[in-house]
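Spelled out, the chains give:
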Amino acid sequence: MSSPATISSFFFFYFITLSSSFFYISSSLHTNNNNKHTTTVNSLNIPSAAAEIELVNPKLPPRSLSLTSSKKFEGSSNLIHLRYHMGPVLSSSPINIYVIWYGRWSRPHKSLIRDFLNSISDAKAPSPSVAEWWRTASLYADQTGANVSRSVLIAGEYSDSKYSHGQHLTRLTIQDVIASAARSASFPVDHKNGMYLVLTSHDVTMQDFCRAVCGFHYFTFPSMVGYTMPYAWVGQSGKQCPEVCAYPFALPGYMGHGGPGELRPPNGETGVDGMVSVIGHELAEVVSNPLINAWYAGEDPTAPTEIGDLCEGLYGSGGGGGYIGQVMRDREGKTYNMNGKGGRKFLVQWIWNPNLKACAGPNSVD
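Nothing here was measured: the structure is a model prediction, and the numbers come from that model.

Observations concerning the packing of aromatic side chains
No. 1: Applying the stated rule across the entire model yields 15 aromatic pairs.
No. 2: When the centroid spacing of 6.3 Å and the interplanar angle of 50 degrees are considered together, the rings of Phe116 and Trp133 count as tilted. One end of the pair, Phe116, is in helix H2 (residues 107–119); the other, Trp133, is in helix H3 (residues 130–137), with 17 residues separating them in the sequence.
No. 3: You can call Phe116 buried: its relative accessible area is 0%.
No. 4: Aromatic side chains Phe216 and Trp233 sit 5.1 Å apart centroid to centroid with 40 degrees between the ring planes, which places their arrangement in the tilted category. Placement of the pair is Phe216 in strand E9 (residues 215–219) and Trp233 in strand E10 (residues 230–235), with a sequence separation of 17 residues.
No. 5: For Phe216, a relative accessible area of 2% translates into the label buried.
No. 6: On the accessibility criterion, Trp233 (0% relative accessible area) is buried.
No. 7: Three or more aromatic residues joined by ring pairs form one cluster here, namely Phe116, Trp133, Trp134 and Phe346.

Rendered as structure tokens:
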């Protein structure tokens, strides 16, 4: 959920071998060739026409430092008790996302995020794909046995380029933003299928942003919005804190040359490419825990550890203990782990697989 309380679980899972910091991280790329592993595309079921793609696994951790108790599955641990608390999941198809663009957004940045959202239901993208990644989220079901829907649709959009509620928001005033957008855009009250996705531009500050969160999700209050509906907020960190929220495309100065090197973003946009991964994290948690009473670990519903939190910082096989795991790099040196709609590429963190009881993603080579 990416709340101040869940930041502590992030520290445990992501920085066990590093000095303490915040949610994501940045510095200079110094790739050690001894830490690379090269193979052909076919090992990841990518069409051979794509030619050879380099697999990069920066600074693999010693097994003694890995958080996994299994040699195969990253993040697996007997200490994790993810439980179902009898609440609903978003199982109706399609899941309708109502996007609220708050602040000033360029067309290319909007297009990049739209392409990611549209990739979730795109079965035509080559493997490993965003749609395959979403299949893990669709494993979660409610008490009737209804699984999270595999179909996701951008059902509506609204641009608030005039900052109608100012350039500093709080966890409470974000609901005012939603209420205003819902009225202005005439969004339907979509209790069964819908959720809001509020995206703030690089010049909008948010309570706890960069310090403790890069995104969060909750549900609207009838007293403020008029009804209850799940929502997620994610901020664009490119100018405020790329070293915190756009990892691994930026690294904190304290890491120096001792940690994984800074990686090139797949679409050339450090802030927005980093934002895409946070959006994926929050969407997976919204659909599996929309009213904070479905799937999470821990006993405190005000600070749940959810399916994205359990895999914070893991992007590929061999990850854990502060290492992102094995990802791909194209001929231009851009790093990614998933293919999307229209040839787009993305780097998106893995999420918890309830069957494997471990973090999982479509680019796994275990």
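Don't stop here, the text continues.
Observations regarding the pairing of E9
Note on strand geometry: in a regular strand, side chains alternate between the two faces of the sheet.
No. 1: The buried fraction of E9 amounts to four of the five residues, a majority that puts the element mostly inside the structure.
No. 2: One ladder, built from five bridges, connects E9 with E10; its direction is antiparallel. Residue pairing in the sheet places Phe216 in a bridge with Trp233 of E10.

Some thoughts on the state of the cysteines
No. 1: Following the criterion strictly, the structure yields three disulfides and no others.
No. 2: Put simply, Cys214 and Cys245 are joined by a disulfide, and their sulfur atoms are 2.1 Å apart. Between Cys214 and Cys245 the sulfur-sulfur dihedral comes to about -85 degrees; the bridge is accordingly left-handed. Of this pair, Cys214 sits in the loop between strand E8 (205–206) and E9 while Cys245 sits in helix H6 (residues 242–245); the two residues are 31 residues apart in sequence, bridging distant segments of the chain. For the pair formed by Cys214 and Cys245, the shared burial category is buried.
No. 3: Once the disulfide-bonded cysteines of the chain are ranked by sequence position, their pairing pattern turns out to be 1-3, 2-4, 5-6.

Focus on the confidence of the model for the chain
No. 1: Across the chain, pLDDT averages 83, with 78% of residues at or above 70.
No. 2: pLDDT under 50 marks residues 3–51. Its contacts with residues more than four places away, or in other chains, come to 138 contacts.
No. 3: Overall, residues 59–71 carries pLDDT values under 50, and its contacts beyond four positions in sequence, including any with other chains, amount to 31 contacts.

A few points about the sheet that holds strand E4 (residues 95–102)
Whenever strands of a sheet pair, they do so through backbone hydrogen bonds, lying parallel or antiparallel.
No. 1: As summarised here, the arrangement of the five strands in space is E5-E4-E7-E10-E9, forming an open sheet in which the pairing is mixed. Because the sheet does not close on itself, it has two edges, and the strands there are strand E5 (152–160) and E9. Going across the sheet, the axis of each strand differs from the next one's by a mean of 20 degrees, ignoring polarity.
No. 2: Relative to E5, E4 runs parallel, the two sharing eight bridges. Looking at the pairing, Tyr102 lines up with Asp160 of E5.

Analysis parameters
Residues numbered from 1 in each chain as written. Predicted model: local features only at pLDDT ≥ 70, side-chain atom pairs only at ≥ 80, totals over all residues. Heavy atoms only, no water. Phe/Tyr/Trp six-rings, centres within 6.5 Å; stacked < 30°, edge-to-face > 60°. Helix = DSSP H or I, 4+ residues; strand = E, 2+ residues; numbered from the N terminus. Buried < 20%, exposed > 50% of the residue type's maximum accessible area, 1.4 Å probe, protein only. Pairing = 2+ DSSP bridges. Disulfide = S-S within 2.5 Å. pLDDT = per-residue confidence, 0-100. Contact = heavy atoms within 4.5 Å. Axes fitted to C-alpha atoms, helices over the stretch in contact; angles between N-to-C directions.

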